[in-house]
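Take a look at the letters that make up each chain.
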Amino acid sequence: MCLPATAQTAAPAPSASASGIATPVFVLNSLDDSVSVINPATWTETRRIATGKQPHHLYLTPDEKSVIVANALSDSLTFIDPKTAEVQRTVRGILDPYQLRFSPDMKWFVTAANRLNHIDIYKWDGKDITLAKRVATGKTPSHLWIDSKSSTIYSTMQDSDELIAIDLATQAVKWRTKTGSIPADVYGTADDKFILVGLTGGDAVEVYDVSGAQPQRTKSIKTGAGAHAFRAFGDKRHVLVSNRVANSISKIDLQTLEVVDNYPAPGGPDCIDVSRDGKQILVTSRWARKLTVIDVATRKIVRQVNVGKSPHGVWTLDHAPR
């Protein structure tokens, strides 16, 4: 089911720089149907790669040889070399891949069909994917998380205000629970005990204890209006969350489940990445058509790079540990 794509001329990988990033930074331009390739040595956009319609999220293959762009309205995946920005191939027939994730055991590839109200579970053989099960979920599955044991998929349901869990062994929904308004990204703690849910329709992150047979909401962490997307800070203790309406990023301590720091992030901050050395935060400014770079130590914006319309996902191979 994998069709070859014509590769564009490869952009040379930038050399290591003071940014703490040596390989390209990729930004998905959802309304331009493209990926901006940014050289972190000069912080300039070097080229744009045409993708399918409305790319929203991207994810690295387990062998780290490809970054996969999910093209929701084209029902396709674009594979790109994370070092050279060369298009490797296009996989078609993937229905509405809005969000995507590999299981930690590398056996499963999962996509959330935001428009078509299902989650697809694919077998992964190291190169190709084969559909194993399509799970009807209800209205608007949004973001995905898979626990460290590769046993459970968690997904938010943005239009019915729910969090659901799917058992990977049976590939069936095992529970669902109500959340606050417009749940978006979802993030699990390393011990698999807690799941965090960003409330884009509110101003907080909800915490659910999922260690028992049924989930229990244990806490609400106030972060800022439009809490949306998570990214691990890289120190195994903290996670960042973007607050799209508040134009900020909050840093949450996963041991105390409290906000311990905040960073300015203008223009509707969305997806986040962190440089390998942990010194810079990269965030897409969704409404400003920019990639914003924030210095962690000073909490100040150090630069902004012009990209395309509605920049959503951001990613680099030289990121801090997840």
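Presented here is a report on the structure given in the accompanying data block. Since we're looking at a predicted model, the values are computed, not measured.

1. Observations concerning empty space enclosed by the protein
For the structure on display, the rule yields 1 cavity of 30 Å³ or more. Split by residue class, the lining of the largest cavity holds 5 nonpolar, 2 polar and 3 charged.

2. Some thoughts on the pairing of strand β5 (residues 55-60)
Across the 6 residues of β5, 5 count as buried, placing the element largely inside the fold. For β5 and strand β6 (residues 67-71), the ladder comprises 5 bridges, and the chain directions are antiparallel. When the bridges of β6 are listed, Leu60 appears paired with Val67. In this structure, the hairpin formed by β5 and β6 is closed by a connection of 6 residues, where Glu64 is found at a positive phi of approximately 65°.

3. Describing unusual backbone geometry
Even without being a glycine, Asp96 presents a positive backbone phi close to 50°. Structurally, the position occupied by Asp96 is in the loop between β8 (87-92) and β9 (99-102). Looking at Asp96, the relative accessible area reads 1%, which means it is buried. Look at Asn117: it is not a glycine, yet its phi comes out positive at around 65°. Residue position: Asn117 is located in the loop between β10 (108-113) and β11 (118-124). Overall, Asn117 belongs to the partly exposed group, its relative accessible area being 29%.

Calculation criteria
- Residues numbered from 1 in each chain as written.
- Predicted model: local features only at pLDDT ≥ 70, side-chain atom pairs only at ≥ 80, totals over all residues.
- Heavy atoms only, no water.
- 1 Å grid on protein atoms, 1.4 Å probe; cavity = no way out; pocket = protein on both sides within 12 Å on 5 of 7 lines; lining within 4 Å.
- Points joined across faces, edges and corners; volume = space filled by probe spheres on them.
- Nonpolar A, V, L, I, M, F, W, Y, C, P; charged D, E, K, R; others polar.
- Buried < 20%, exposed > 50% of the residue type's maximum accessible area, 1.4 Å probe, protein only.
- Helix = DSSP H or I, 4+ residues; strand = E, 2+ residues; numbered from the N terminus.
- Pairing = 2+ DSSP bridges.

Bear in mind that shape data such as this cannot, by itself, settle questions of function.
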